[in-house]
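# Structural description and commentary
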Amino acid sequence: MDKLLIRGGARLAGTITISGAKNAALPILAGTLLSAAPVVVRNVPQLNDVATTITLLQSMGVEVTFDDKLAIEVNAGNVRERRAPYELVKTMRASILVLGPLLARFGEAEVSLPGGCAIGARPVNLHVQGLQAMGADVVVENGYIRARTDRLKGAHIVFDVVTVTGTENLMMAATLAEGETILDNAAREPEVVDLANFLIGMGAEISGAGTSTIRVRGVQELGGTDHTILPDRVEAGTYLVGAAMTGGKIRLNRTSPEHLEAVLLKLREAGAEIQTGDDFIEINMHGKRPVAVDIRTSPYPGFPTDMQAQFCALNALAEGVGTITETIFENRFQHVLELQRMGADIQIEGNTAVCRGVDKLTAAPVMATDLRASAGLVLAGLTAEGETLVDRIYHVDRGYERIEEKLGQLGAEIKRVRR
Ligand code: UD1
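Residues numbered from 1 in each chain as written. Predicted model: local features only at pLDDT ≥ 70, side-chain atom pairs only at ≥ 80, totals over all residues. Heavy atoms only, no water.

Those residues of helix 11 (residues 334-341) lying buried are Gln 334, His 335, Val 336, Glu 338 and Leu 339. The inward-facing, buried residues of helix 11 contact helix 10 (308-316), strand 20 (345-349), strand 22 (365-367) and helix 12 (371-383). Phi turns positive, to about 100°, at Gly 343, one or two residues after helix 11. (Buried < 20%, exposed > 50% of the residue type's maximum accessible area, 1.4 Å probe, protein only. Helix = DSSP H or I, 4+ residues; strand = E, 2+ residues; numbered from the N terminus. Contact = heavy atoms within 4.5 Å.)

This is the structure we're talking about:
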């Protein structure tokens, strides 16, 4: 099995280009099911989760053609299967995103209950309730969600909690429903906006994406489009934290600073000098040790839960004490146990991790437990004394495109090994 071997100590320096956003690519690829016309999607990141989504689409009869410039053409003109089997869904919770599009276009869908990251219960009740409110018959039996409808009907849906994929699933379903759907307390993440723009390109009538009220007026059918996926803000944030932890100076090209405000604020608090332009971010730590920061995760535009593990790693070796409160997912502190094995002084009290920065982390064999936890461990390895071996990096490969190459470009000593 592949592992990452990291020799800590190098200060990150140089320039890299940020990839397309995983969390936009997945719903957009699922959204291609809404139309019989060919669709081109550009800036698609080469990630395990994207490969899983493409395999899922192909298993339904969708034709996917790859071009060499990260563009793919998807043709869902001939969908034979309206089913997402457990074997595919279990590795990636976002497979639930095919439920809304399949049901809206074909009037039937069967999707396994998802697995995915082991970061808490992560139910899909709000996806199911929303589709029921739109008139679908939905039953959950034998581990599958089975849904049927003649045609979905517009509805007013108020989400109990802000859910990103829940908002996306219902927004997609509503594009082909009869009448208007209003989604209240909707997720405001940039990836929701990117999906809305993609759907609008296909002819959907959507307004308010990026606010907490999204309105969708259903149309009879959607057509083709050519869409470029927005940059991955979590990938960008992860490399910025790496620079801050190593006292480095890096530049990220093809990124979107306006989507990283909460993260940039915390990096500045940690002592980083940051410059931004329309599509780049430069960070300079001037060789200093970071100062510990307090963080509370919340839905966008708040501090993203997907950046929490990376800041835990930063606090682990920062000057002072920092608290990290996780409000979105219970059980999202598995990286803390591994960081402790590298010498970190972190105590978990309920949903808060209290980190007392140590002067140096020390290398250890560590195990990735979920996607972002694994990023935190890689960053810790960059600073640790000695060689850190990160196991189970298929988690890293779900969400980071060629992480060892990009970190290598920035001067880190990191390689992929098979042992
Ligand atoms: C998405 C992101 C993930 C990110 C998360 C929170 C994708 C593919 N994944 O995950 O990277 O960490 O948003 O920003 O975009 N909930 C319910 N019932 C539901 C759905 C959700 O109670 O039906 C709860 C969850 O348990 C959680 C909260 O809502 O406590 C937010 O989860 P949600 O936004 O749905 O996460 P995902 O969309 O799965």
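Below, the discussion takes up the side chain of Ser 112. With respect to the helices and strands, Ser 112 occurs in strand 7 (residues 108-112). When residues no more than four places from it in sequence are discounted, the contact partners of Ser 112 are Ala 84, Pro 85, Tyr 86, Val 89, Gly 143 and Tyr 144.

Further remarks concern the sheet that holds strand 24 (residues 413-418). The four strands lie next to each other as 22-23-1-24, forming an open sheet whose pairing is mixed. In the strand order of this sheet, the two ends are held by strand 22 and strand 24, each with one partner. On average, each strand axis in the sheet is tilted by 25° relative to the strand beside it, whichever way the strands run. Relative to strand 1 (residues 2-7), helix 12 is tilted by about 30°, and along the sheet it contacts strand 1, strand 22, strand 23 (387-391) and strand 24. (Pairing = 2+ DSSP bridges. Axes fitted to C-alpha atoms, helices over the stretch in contact; angles between N-to-C directions.)

Roughly 270 Å³ of internal volume is contained in the second largest pocket. Met 245, Thr 246, Gly 247, Lys 360 and Thr 383 are the residues nearest the centre of the second largest pocket, which is lined by 16 residues in total. Elements represented by at least two residues in the lining of the second largest pocket include exactly helix 8 (233-246) and helix 12. When the residues that make up the lining of the second largest pocket are grouped by side-chain class, the tally is six nonpolar, five polar and five charged. (1 Å grid on protein atoms, 1.4 Å probe; cavity = no way out; pocket = protein on both sides within 12 Å on 5 of 7 lines; lining within 4 Å. Points joined across faces, edges and corners; volume = space filled by probe spheres on them. Nonpolar A, V, L, I, M, F, W, Y, C, P; charged D, E, K, R; others polar.)

Okay, empty space enclosed by the protein next. Taken as a whole and judged by the stated rule, the model has two cavities of 30 Å³ or more. As a volume, the largest cavity reaches approximately 50 Å³. In terms of lining residues, the largest cavity is bounded by Ala 21, Lys 22, Asn 23, Glu 191, Asp 232, Arg 233, Val 234 and Arg 372. Elements represented by at least two residues in the lining of the largest cavity include exactly helix 1 (22-31) and helix 8. Residues that form the lining of the largest cavity fall into these classes: two nonpolar, one polar and five charged.

Looking now at the confidence of the model for the protein. Should pLDDT be low for a region, the predicted coordinates there are not to be read in detail. For the protein, per-residue confidence averages 95 on the pLDDT scale, and 98% of positions sit at 70 or higher. Note that pLDDT drops below 50 for residues 116-120; the model gives that stretch 18 contacts with residues more than four away or on any other chain. (pLDDT = per-residue confidence, 0-100.)

Our focus in this paragraph is the pairing of strand 8 (residues 137-141). As judged from the five bridges shared by strand 8 and strand 9 (residues 144-148), these two strands associate in the antiparallel manner. Paired with Val 140 across the two strands is Ile 145, which belongs to strand 9. A loop of two residues connects strand 8 with strand 9, the two strands running antiparallel in sequence, and Asn 142 in this loop sits at a positive phi of about 50°.

Before going further, it helps to spend a moment on the site of the ligand. Taken together, 19 residues lie near the ligand, and Asn 125, Thr 163, Thr 165, Asp 306 and Ile 328 sit nearest. For the ligand, a nitrogen atom lies 2.7 Å from a polar atom in the side chain of Asn 125. Take Thr 163: an N or O atom from its side chain is 2.6 Å from an oxygen atom of the ligand. Relative to its unbound accessible area of 740 Å², the ligand is 87% covered by the protein chains. Those elements that place two or more of their residues in the shell around the ligand are helix 5 (125-133) and helix 6 (164-175). By residue number, the principal contributor to the shell around the ligand is helix 5, which donates three residues. Residues of the shell around the ligand, tallied by class, amount to nine nonpolar, six polar and four charged. (Near = heavy atom within 4 Å. Polar contact = N/O pair within 3.5 Å; in protein donor to acceptor, adjacent residues only side chain to side chain. Areas by Shrake-Rupley, 256 points an atom, 1.4 Å probe, with all protein chains shown as cover.)

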